[in-house]
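# Report on the structure
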Amino acid sequence: MALERTLSIVKPDAVAANATGRILAMFEEAGLRPIAIRTVRLTTEQAQAFYAVHTARPFFGDLVKFMTSGPVCVSVLEGENAIVRNREVMGPTDSKKAAAGTVRGRFGTDIEKNAVHGSDAPETAAVEVGFFFSGAELASLAR
Ligand code: CMP
C-alpha cells in the first residue's frame, strides 16, 4: 500500500447541516489525516471548471447550481491507500444506496445532495488537490 493524498469536499448540504466536523471525524477514524482544510464559496466558473469532466452530462447544470448554493469545506486527506479508503468511507454516489455507516448513508439525501465528493483515481486526485491547494499549504506529517 502507498501513502496517498486525495481531495475531499464536504458539499453545501452537509456544511449547512453543520456536519463538517462529524464527517472529518469519520475520515480521521478511518486513518485519513486532513493535512489542509479550507471553507470556500465556489463561484459558478470554479464549479464548472472543477467538474469539467461532467460538462456533457444531463445533470451538469444542476450539479453546478447545487455546488454553488452555499459554502463547501475542501480538504486534502492523507493516508495509506487514501483514495480507495476515502471512497469506502463515503459510500456510493447515490446516498439512497449507501449503507448507514457511511458518510453518505448518514448525511446524504440522494444522488445530488450526497454530502461529500472524493477523488476517484490517483490522476484526478493530483489535479483536484492542485485545484484548491498549493504545495506550501500541504503540511504532511509523514515526511
Ligand atoms: P461527485 O462525487 O461530486 O461527482 C459528480 C457528482 O455529480 C456526483 O458526486 C453527484 O453528486 C452528481 N450527480 C448528480 N446526478 C448524477 C447522476 N445521475 N449520476 C452521477 N452523478 C450525479
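Residues numbered from 1 in each chain as written. Predicted model: local features only at pLDDT ≥ 70, side-chain atom pairs only at ≥ 80, totals over all residues. Heavy atoms only, no water.

Once that is clear, we can look at the nonpolar core. Buried together is how nonpolar side chains tend to be arranged in soluble globular proteins. With 21 residues, the main nonpolar core has Leu7, Ile9, Met67, Val76, Phe132 and Phe133 as its most contacted residues. Only β1 (3-10), β2 (33-40), α3 (44-50), α4 (60-67), β3 (72-80) and α7 (122-132) provide two or more residues apiece to this core. If one sorts the elements of this core by residue count, α4 sits on top with five residues. Dropping the residues within four chain positions of it, Ile9 is found in contact with Phe50, Met67, Val72, Cys73, Val74, Ala115, Val116, His117 and Phe132. Counting residues in hydrophobic clusters, the runner-up holds 19 residues, among them Ala14, Val15, Phe27 and Phe107. (Core = buried A, V, L, I, M, F, W, Y, C linked by side-chain atoms within 4.5 Å. Buried < 20%, exposed > 50% of the residue type's maximum accessible area, 1.4 Å probe, protein only. Helix = DSSP H or I, 4+ residues; strand = E, 2+ residues; numbered from the N terminus. Contact = heavy atoms within 4.5 Å.)

Attention now goes to the site of the ligand. Taken together, the residues surrounding the ligand are Lys11, Tyr51, His54, Phe59, Leu63, Thr93, Arg104, Ile111, Glu112, Asn114 and His117. Between the ligand and Lys11, the relevant distance is 2.7 Å, taken from an oxygen atom to a side-chain nitrogen or oxygen of the residue. At a separation of 3.0 Å, an oxygen atom of the ligand approaches a polar side-chain atom of His117. Considering the ligand on its own, with 450 Å² of exposed area, one finds that the protein chains cover 78% of that surface. Of all the cavities here, the one that holds the ligand is the largest pocket. (Near = heavy atom within 4 Å. Polar contact = N/O pair within 3.5 Å; in protein donor to acceptor, adjacent residues only side chain to side chain. Areas by Shrake-Rupley, 256 points an atom, 1.4 Å probe, with all protein chains shown as cover. 1 Å grid on protein atoms, 1.4 Å probe; cavity = no way out; pocket = protein on both sides within 12 Å on 5 of 7 lines; lining within 4 Å. Sits in = over half its atoms within 2 Å of the grid points.)

Here we take up the pattern of salt bridges. If you walk through the whole model with that rule in mind, you get four salt bridges. Across the pair Arg5 and Glu78 runs a salt bridge, and its minimum N-O distance is 2.9 Å. Taken together, the positions of Arg5 in strand β1 and Glu78 in strand β3 put the pair 73 residues apart, joining distant regions of the chain. Given the relative accessible area of 24%, Arg5 is considered partly exposed. Residue classification places Glu78 among the buried residues on the basis of a relative accessible area of 4%. For the salt bridge of Arg85 with Glu88, the shortest nitrogen-to-oxygen distance reads 2.6 Å. (Salt bridge = Lys/Arg side-chain N within 4 Å of Asp/Glu carboxyl O.)

What follows covers the side chain of Asp13. One can find Asp13 in helix α1 (residues 12-16). In terms of polar contacts, Asp13 uses its side chain to reach the backbone amide nitrogen of Ala115, at 3.1 Å. Apart from residues lying up to four places away in sequence, Asp13 is in contact with Phe66, Phe107, Lys113, Asn114 and Ala115.

Moving on: the layout of surface pockets. Taken as a whole, the largest pocket encloses approximately 720 Å³ of empty space. Around the largest pocket, the lining comprises 26 residues; the ones closest to its centre are Tyr51, His54, Phe59, Leu63 and His117. When contributions to the lining of the largest pocket are tallied by element, the ones reaching two or more residues are α3, α4, α5 (82-90), β4 (116-118) and α7. The greatest single-element share of the lining of the largest pocket, amounting to four residues, is contributed by α7. Of the residues belonging to the lining of the largest pocket, the class tally is twelve nonpolar, six polar and eight charged. (Points joined across faces, edges and corners; volume = space filled by probe spheres on them. Nonpolar A, V, L, I, M, F, W, Y, C, P; charged D, E, K, R; others polar.)

This next bit is on the pairing of β1. By the criterion of burial, β1 is predominantly enclosed, with six of the eight residues buried. Bridging between β1 and β3 involves eight bridges; their strand directions are antiparallel. Of the residues in β3, the one forming a bridge with Val10 is Cys73. Relative to β4, β1 is paired through three bridges, and the arrangement is antiparallel. What sits directly across from Val10, in β4, is Val116. (Pairing = 2+ DSSP bridges.)

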